[in-house]
Amino acid sequence: MTTSTRGASKVPAVLVLEDGRIFRGRAYGAVGETFGEAVFSTGMTGYQETLTDPSYDRQIVVATAPQIGNTGWNDEDDESSRIWVSGYVVRDPARIPSNWRAKRSLDAELVAQNIVGISGIDTRALTRHLRESGSMRSGIFSGETLPADAELVERVQAQPQMKGASLYEEVATKEAYVVPAIGEKRFTVAAIDLGIKGMTPHRMAERGIEVHVLPATATEEDVYAVAPDGVFFSNGPGDPATADGPVALMTAVLKRKTPLFGICFGNQILGRALGFGTYKLKYGHRGINQPVQDRTTGKVEVTAHNHGFAVDAPLDKAAETPFGRAEVSHVCLNDDVVEGLQLLDQPAFSVQYHPEAAAGPHDAAYLFDRFVTLMEGQRA
């Protein structure tokens, strides 16, 4: 990605898709060029949490809500140390932010972090196109003069595919750190950072858990050096088929029968460790309004998602795995995609979505309590 460091709402910009479709608008954020997989997110709020979610690494995110930037940018809602999206696509950027916590505008923050964006395009038409044709490689180009359309399409087509991309080590912490329990410490959890969001260890800390966040390259010895009561595998970007290291680590944890919880990428890692395959979805699930049924209770939850890959596991029966019986615990009501797994013969489960609710609904917060229950049962 190359950028300049100034916003320029009147500077011409184009979004170019690998299939040759081109959308013309105005520069939003930094001026320059950037490449990534074009995906759409259906959340009407929470753009700051979305932009700073490491799971969006190497993706150009299209906001389906027509107006973005109304609440500006604050210093409290970041989910990591930086913006991770490759580019941002909006229809109608707010002219003036209006929120008591806002420190600056969204546009100003995009400029400060050299994130190239585009505004003023028909995001509804773009979203419909991605739904029909699937997420695809794309590029945003802005400036007073731009190369010919054919050249821009060729440059987009030369970019790597998301399928086969190994990205989790790029976004994970390089050094271990500890998030202390809030109030009385009850448990210790080793959390494997594959692209963890800041709110996730906080949700555990609220429940009296001391969280040791470990790099994606952590070994079995690293995990058990902290004497964990449970092990957590986080969300993260890229193709789970490339994550052989985390799969091997999770397999070791399962062999020890330590209580285990995974979300998003962690759900896909559990699927692989149990012997299931993974596959790329046509356009994925992204947003904070996705309906999921918890099949263990029958309850339907409104949930926050960000994933382009899914686990291929049977929906109609429990499956035999190297670690006993496993079943699909959660399913998306839009398309029957597997949204959760659980082992029936030892304490391990995962979900494909984001129960930390940053941003998003709080319907799935009980999953952290379910993890606590597993650790209480193991201790007893």
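Residues numbered from 1 in each chain as written. Predicted model: local features only at pLDDT ≥ 70, side-chain atom pairs only at ≥ 80, totals over all residues. Heavy atoms only, no water.

1. Some details on the UniProt feature "active site" (unreviewed entry) in the protein chain
Moving on, step 1. In the numbering used here, UniProt assigns the "active site" (unreviewed entry) feature to Cys-264, His-354 and Glu-356. In terms of the greatest pairwise C-alpha distance, the residues named above, spread along 93 residues, form a tight cluster of at most 11.5 Å across.
Moving on, step 2. Here Cys-264 shows up in the loop between strand E15 (260-263) and helix H9 (265-273).
Moving on, step 3. The contact partners of Cys-264, leaving out residues within four places of it in the chain, are Asn-235, Asn-306, His-307, Val-351, Gln-352, Tyr-353 and His-354.
Moving on, step 4. Assignment of secondary structure puts Glu-356 in the loop between strand E21 (348-351) and helix H10 (366-379).
Moving on, step 5. Excluding residues within four positions of it along the chain, Glu-356 makes contact with Lys-197, Met-199, Thr-200, Arg-203, Ile-263 and Phe-368. (UniProt positions renumbered as here; feature names shortened; annotations may be inferred. Helix = DSSP H or I, 4+ residues; strand = E, 2+ residues; numbered from the N terminus. Contact = heavy atoms within 4.5 Å.)

2. Let's talk about a positive patch on the surface
Moving on, step 1. Together, Arg-124, Arg-128, Arg-131 and Lys-282 make up a positively charged patch on the protein surface.
Moving on, step 2. Of note, Arg-124 is situated in helix H3 (residues 123-133).
Moving on, step 3. Judged by relative accessible area, Arg-124 falls into the exposed class, the value being 62%. (Patch = residues over 30% accessible without salt bridge, like charges linked within 9 Å, V, L, I, M, F, W, Y side chains within 5 Å. Areas by Shrake-Rupley, 256 points an atom, 1.4 Å probe, with all protein chains shown as cover. Salt bridge = Lys/Arg side-chain N within 4 Å of Asp/Glu carboxyl O. Lys, Arg positive; Asp, Glu negative; His and termini not counted. Charge placed at Lys NZ, Arg CZ, Asp CG, Glu CD. Buried < 20%, exposed > 50% of the residue type's maximum accessible area, 1.4 Å probe, protein only.)

3. Let's talk about the packing of aromatic side chains
Moving on, step 1. Inspection of the entire model under this criterion finds seven aromatic pairs.
Moving on, step 2. Relative to Phe-349, the ring of Phe-261 lies with its centre 4.5 Å away and its plane at 15°, an arrangement referred to as stacked. With Phe-261 in strand E15 and Phe-349 in strand E21, this residue pair connects regions lying 88 residues apart in the sequence. We note that Phe-261, like Phe-349, is buried.
Moving on, step 3. With a centroid separation of 5.8 Å and an interplanar angle of 80°, the aromatic rings of Phe-261 and Phe-368 are classed as edge-to-face. In this pair, Phe-261 sits in strand E15 while Phe-368 sits in helix H10, placing the two residues 107 residues apart along the sequence. The pair Phe-261 / Phe-368 is uniform in exposure class, with both members buried.
Moving on, step 4. Stacked on the ring of Phe-309, the Lys or Arg Lys-280 has its end atom at 5.8 Å from the ring centre. (Phe/Tyr/Trp six-rings, centres within 6.5 Å; stacked < 30°, edge-to-face > 60°. Lys NZ or Arg CZ within 6 Å of the ring centre and 35° of its normal.)

4. Observations concerning the nonpolar core
Across soluble globular proteins, nonpolar side chains show a tendency to be buried alongside one another.
Moving on, step 1. Membership of the largest hydrophobic core comes to 36 residues, with the highest contact counts inside it found for Ile-192 and Leu-254.
Moving on, step 2. The set of elements that each furnish at least two residues to this core consists of strand E12 (187-192), helix H7 (220-224), strand E14 (230-233), helix H8 (244-256), H9, strand E19 (324-332) and strand E20 (338-343).
Moving on, step 3. For Ile-192, the residues in contact, after removing those within four places along its chain, are Leu-214, Pro-215, Ala-216, Ala-218, Val-223, Val-231, Phe-232, Phe-233, Ser-234 and Leu-249.
Moving on, step 4. Grouped together as the second largest cluster of nonpolar side chains are 23 residues, Val-179, Val-213, Phe-349 and Phe-371 included. (Core = buried A, V, L, I, M, F, W, Y, C linked by side-chain atoms within 4.5 Å.)

5. Some thoughts on the pattern of salt bridges
Moving on, step 1. Overall, the coordinates contain 21 salt bridges when judged by the stated rule.
Moving on, step 2. For the salt bridge of Lys-280 with Glu-37, the shortest nitrogen-to-oxygen distance reads 2.7 Å. In this pair, Lys-280 sits in strand E16 (residues 277-294) while Glu-37 sits in strand E4 (residues 32-41), placing the two residues 243 residues apart along the sequence.
Moving on, step 3. Among the residues examined, Lys-280 registers a relative accessible area of 27% and is labelled partly exposed.
Moving on, step 4. In this structure Glu-37 comes out as buried when scored by relative accessible area, which is 7%.
Moving on, step 5. Between Asp-244 and Arg-272 there is a salt bridge, with the nearest N and O atoms lying 2.8 Å from each other. Of the two residues, Asp-244 is situated in helix H8 and Arg-272 in helix H9; the sequence distance between them amounts to 28 residues.
Moving on, step 6. Given a relative accessible area of 23%, Arg-272 falls into the partly exposed group.

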